[in-house]
Amino acid sequence: MIEVENLQKTYHSGFFMRPKKALTDVSFHVPKGVIYGFIGPNGAGKSTTIKLLTGLLRKDSGKILVAGFDPSKVESRKHLGYSPEQPYFYDYLTGRELMRFYGRLNGLDGKPLEDRITWALSLLNADKDWIDRRLRTYSKGMMQRVGIAQAILSKPELLILDEPMSGLDPVGRKDVREAILSLNKEGVTVFYSSHLLSDVETISHRVAMVVGGKIVREGTVDDITSNASAEYHVHVAADIPDADLPQDVKPQGTTPREWVCKNAEARDRFIDFCLKSGLPIERMEHQRPSLEDVLTEEIARAEH
Amino acid sequence: MQNIKNIGIIALNTFRESVRNKVLYNIVFLAIALAFFSILLGEWSVFDRAHVIKSTTLSIMSLSGLLISVFVGISLVQKEIQGRTVLTLLSKPISRAVFIVGKYLGLLGVIAVHLALLTVVYYVILALTGSNPTLSLLSAVYLIFCEMAIVVAVALLFSTFSSPVLSALFTIGIYMAGRLSNELMEQVNFVRRVGEIEGGQGVVLEKVASVIHAVFPGLYRFDISAYVVHSVALPTHYIFWNSLYALGYIGVFLAIASWWFSRRDFV
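Residues numbered from 1 in each chain as written. Chains lettered and ligands numbered in written order. Predicted model: local features only at pLDDT ≥ 70, side-chain atom pairs only at ≥ 80, totals over all residues. Heavy atoms only, no water.

Engineer: For this particular structure, what's the right way to read the overall build of chain B?
Structural biologist: Tallying secondary structure elements over chain B gives 10 helices and zero strands in all. Each helix and strand of chain B, ordered N terminal to C terminal, gives the series α-α-α-α-α-α-α-α-α-α. Whereas a compact globule of 267 residues would reach a radius of gyration of roughly 18 Å, chain B reaches 20 Å, a difference of no more than 12%. In terms of overall dimensions, chain B has C-alpha extents of about 60 × 60 × 35 Å along its principal axes. In chain B, which comprises 267 residues, the proportion classed as buried is 49%. In chain B, once contacts between residues fewer than 6 apart in sequence are set aside, the share between residues at least 24 apart is 80%. When the accessible area of chain B is evaluated, it comes to approximately 12500 Å², of which 71% is carbon and sulfur surface. (Helix = DSSP H or I, 4+ residues; strand = E, 2+ residues; numbered from the N terminus. Rg over C-alpha atoms; globule rule 2.2 N^0.38 Å. Buried < 20%, exposed > 50% of the residue type's maximum accessible area, 1.4 Å probe, protein only. Contact = heavy atoms within 4.5 Å. Areas by Shrake-Rupley, 256 points an atom, 1.4 Å probe, with all protein chains shown as cover.)

Pasting the structure below:
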């Protein structure tokens, strides 16, 4: 559904048009019918990539195909729905009027349009009284729901959402998560960026991690987390003086008898140390890292 | 077909947005107040009262149209960009040219309603003062509309790549150049005829005037108030040819605006 190869983008800002590379080399492929999470720290290039996919930015070099079309072509946008980060709309319109406006631009009209609006609003749990109020009175969460509802009005094959969960309370996040899953069940490919990594882990089939304008990890959540360095928690039935500890082993919080080994080598060193010192090992836990752990590790690596 | 429909949808939305602009109402009310003030001017003037009222009101129409084009028109595209509404709009299956033409027609609709309103006021004033309200005055109003249609296209063109303040200055500059280019040429020709320009400097001045005359839209063509006020017949097909002239310039300005806008990044 989306093919991106060696994508590069540079912004030019200031009086002297100083260049700043936003994307240095981004390549990924989003198969049809998947939920694809796009994660990374602020300024990593997530929104830039999304705007390149929607034709709002022009690439410097590389290849982008959205539903088989170049994003600069109107044809590509017939297949996608997009909701920007913190969506802004014409605040003198009501939510329903806004939906009609965008629906008409998608070629809908009359009863089919009204039916589609009802469907989209109910999917986002936005079919409430407030939908007939002016948008200037909306909270951030209401705006986010309307933003996603307008993106799905045309029943697109591909839904691109930039931070769809931001500004939502837990109920709103659940509603959006369920809407994404429901649309995906109907065959919609969903490409979205998010900072809420627990949500990404829960619903994404595949994930790409972008740091410093480059894709540093790509695959299923299992692929990404299983390749990352795992922590080992070793419980020992006696106190150990800090000074004697092998490298990369630290106590867990204030618990003096639980020790965290950063990797398998540290674990082996610590077990050796315990055996030689006659310290009884009670149990050992292998803790798989979360996406957040992997992302933090990648950010630290990029900074060094 | 969908493109034409989308232009209409964007134009209607632009019209709705523009009529909420307080600046627009200030200009409209000021124009109506000045139109009524022309009755007093007619009384005070040493010239024929009807002539003064007619020419003053037509000038007010032209000037208020210019103010609307500049102060409402140039902010239209910038508002979409700064308000970030452009992000959602341009992610829909519409080309950037459709967006530009839709915006243009929306504002042109505002100008048309403004001129229609002033025309009604105009005829009411003429009727009240017994100043012979003939239908031929409508041709002058129509050509003011054509002139404003060009000015709106210029304003829109500048607003696609420059700030509102610069766009306003550029648009007013082109309006002045377009209004005065014929007089400038006449002055240059006159000076040349009386032999006051000799040598290189004169040639350069003449060339600059010729370029301004040839490149900038000759907006002086659309001011026929002297003809209609004094009931002088216009040359044959004058309105038809000048309508085509306006269409030509509008087409060029909108094509450049669309081309430029389609190259823009929306961060």
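Engineer: When you look at the packing of aromatic side chains in this model, what are you seeing that I'm missing?
Structural biologist: Residues and elements named next belong to chain A. Under the defined criterion, the tally for this structure stands at 24 aromatic pairs over all chains. Ring plane angle 45 degrees and centroid distance 5.4 Å describe the contact between F28 and F38, whose orientation is recorded as tilted. One end of the pair, F28, is in strand β2 (residues 18–30); the other, F38, is in strand β3 (residues 35–39), and 10 residues separate them in sequence. On the basis of relative accessibility, which here comes to 0%, the residue F38 falls in the buried class. Plain terms: the ring middles of F89 and Y102 are 6.0 Å apart, the flat faces sit at 65 degrees to each other, and that makes the pair edge-to-face. With F89 in the loop between β5 (80–83) and α3 (95–105) and Y102 in helix α3, this pair connects stretches of sequence that are 13 residues apart. Among the aromatic residues, those joined into a cluster by ring pairs are F89, Y90, Y92, F101 and Y102. When the ring centre of W119 is taken as origin, the NZ or CZ atom of K155, which lies over that ring, is 4.7 Å away. The residue whose ring lies beneath R267 is Y232, and the NZ or CZ to ring-centre distance is 4.5 Å. (Phe/Tyr/Trp six-rings, centres within 6.5 Å; stacked < 30°, edge-to-face > 60°. Lys NZ or Arg CZ within 6 Å of the ring centre and 35° of its normal.)

Engineer: Is there a simple way to explain the pairing of strand β12 (residues 258–261) of chain A in this structure?
Structural biologist: Looking along a regular strand, one sees the side chains alternate between the two faces of the sheet. Residue and element names in this part refer to chain A. By the alternation rule, side chains of β12 split into E258 and V260 and W259 and C261, which are all buried. Pairing analysis gives four bridges linking strand β10 (residues 231–236) to β12, with the strands arranged antiparallel. Bridge pairing in β12 links Y232 to C261. Strand direction decides the pairing type here: strand β11 (residues 249–251) and β12, joined by three bridges, are antiparallel. From the neighbouring strand, V249 faces β12, where its bridge partner is C261. (Pairing = 2+ DSSP bridges.)

Engineer: Even after reading the chapter, I still don't get the environment of F222 of chain B, so can you show me in this structure?
Structural biologist: Residues and elements named next belong to chain B. Structurally, F222 is set in the loop between α8 (200–215) and α9 (225–229). Sequence separation between F222 and P164 is 58 residues; the distance between their C-alpha atoms is 26 Å. Excluding residues that lie within four positions of it along the chain, F222 makes contacts with L143, I144, C146, E147, I150, N242, Y245 and A246.

Engineer: What am I meant to see in the sheet that holds β10 of chain A here?
Structural biologist: Sheet strands line up and pair through hydrogen bonds in the backbone, either parallel or antiparallel. All names here are of chain A. The antiparallel open sheet is built from four strands, whose spatial order is β11-β12-β10-β13. The open sheet has two edge strands with one neighbour each: β11 and β13 (281–287). Each strand of the sheet is rotated relative to its neighbour by a mean of 25 degrees, with strand direction disregarded. Sheet strands in contact with helix α9 (residues 264–277) are β10, β11, β12 and β13, and its direction is about 15 degrees off that of β10. (Axes fitted to C-alpha atoms, helices over the stretch in contact; angles between N-to-C directions.)

Engineer: Just to check I follow, could you spell out helix α1 (residues 46–53) of chain A for this structure?
Structural biologist: For an α-helix, 3.6 residues make a turn, and residues three or four places apart therefore share a direction. Most of α1 of chain A sits inside the fold, with seven of its eight residues counted as buried. All of the buried residues in α1 of chain A are K46, T48, T49, I50, K51, L52 and L53 of chain A.

Engineer: Quick question: what am I supposed to make of the packing of helix α6 (residues 137–159) of chain B against helix α7 (residues 164–193) of chain B here?
Structural biologist: Any two packed helices are characterised by the angle at which their axes cross and by the distance between the axes. Residue and element names in this part refer to chain B. With their axes 9 Å apart at the nearest point, α6 and α7 run at an angle of 145 degrees to one another. Here α6 and α7 pass one another in a crossing that is right-handed. Of α7, the residues touching α6 (which contributes E147, M148, V151, V154, A155, F158 and S159) are S167, F170, T171, I174, Y175 and R179. In terms of residue class, the contact of α6 with α7 is built from eight nonpolar, three polar and two charged. (Left-handed = near helix turned anticlockwise from the far one by under 90°. Nonpolar A, V, L, I, M, F, W, Y, C, P; charged D, E, K, R; others polar.)

Engineer: Please clarify how the interface of chain A and chain B should be interpreted in this entry.
Structural biologist: Frequently, the measure chosen for interface size is the accessible area removed from exposure when the parts meet. With 29 residues of chain A at the interface, the matching set in chain B holds 30 residues. Seen at the junction of chain A and chain B, the total is three salt bridges. A salt bridge links E97 of chain A to R16 of chain B, with the nearest nitrogen and oxygen atoms 3.8 Å apart. Here chain A is connected to chain B by 12 residue pairs in polar contact (both at pLDDT 80 or more). Elements supplying a minimum of two residues to the side of chain A that touches chain B: β1 (2–13), α2 (74–77), β5, α3 and α5 (140–152) of chain A. Here the side of chain A that touches chain B is composed, by residue class, of 17 nonpolar, four polar and eight charged. (Salt bridge = Lys/Arg side-chain N within 4 Å of Asp/Glu carboxyl O. Polar contact = N/O pair within 3.5 Å; in protein donor to acceptor, adjacent residues only side chain to side chain.)

Engineer: Can you help me understand unusual backbone geometry in this one?
Structural biologist: Negative phi values dominate among residues other than glycine, just as trans dominates among peptide bonds. All names here are of chain A. Of note in the backbone geometry, Q86 takes a positive phi value of approximately 45 degrees without being a glycine. With respect to the secondary-structure elements, Q86 resides in the loop between β5 and α3. Backbone geometry at K155 places phi at a positive 50 degrees, although glycine is not the residue there. Mapped onto the elements of the fold, K155 is located in the loop between α5 and β6 (158–162).

Engineer: What is the right way to read the pairing of β1 of chain A from this model?
Structural biologist: Where β1 of chain A meets strand β4 (residues 61–66) of chain A, five bridges bridge the pair, whose relative direction is antiparallel. Bridge pairing in β4 of chain A places V4 of chain A opposite I64 of chain A.

In short, shape yes, function no, at least from these values alone.
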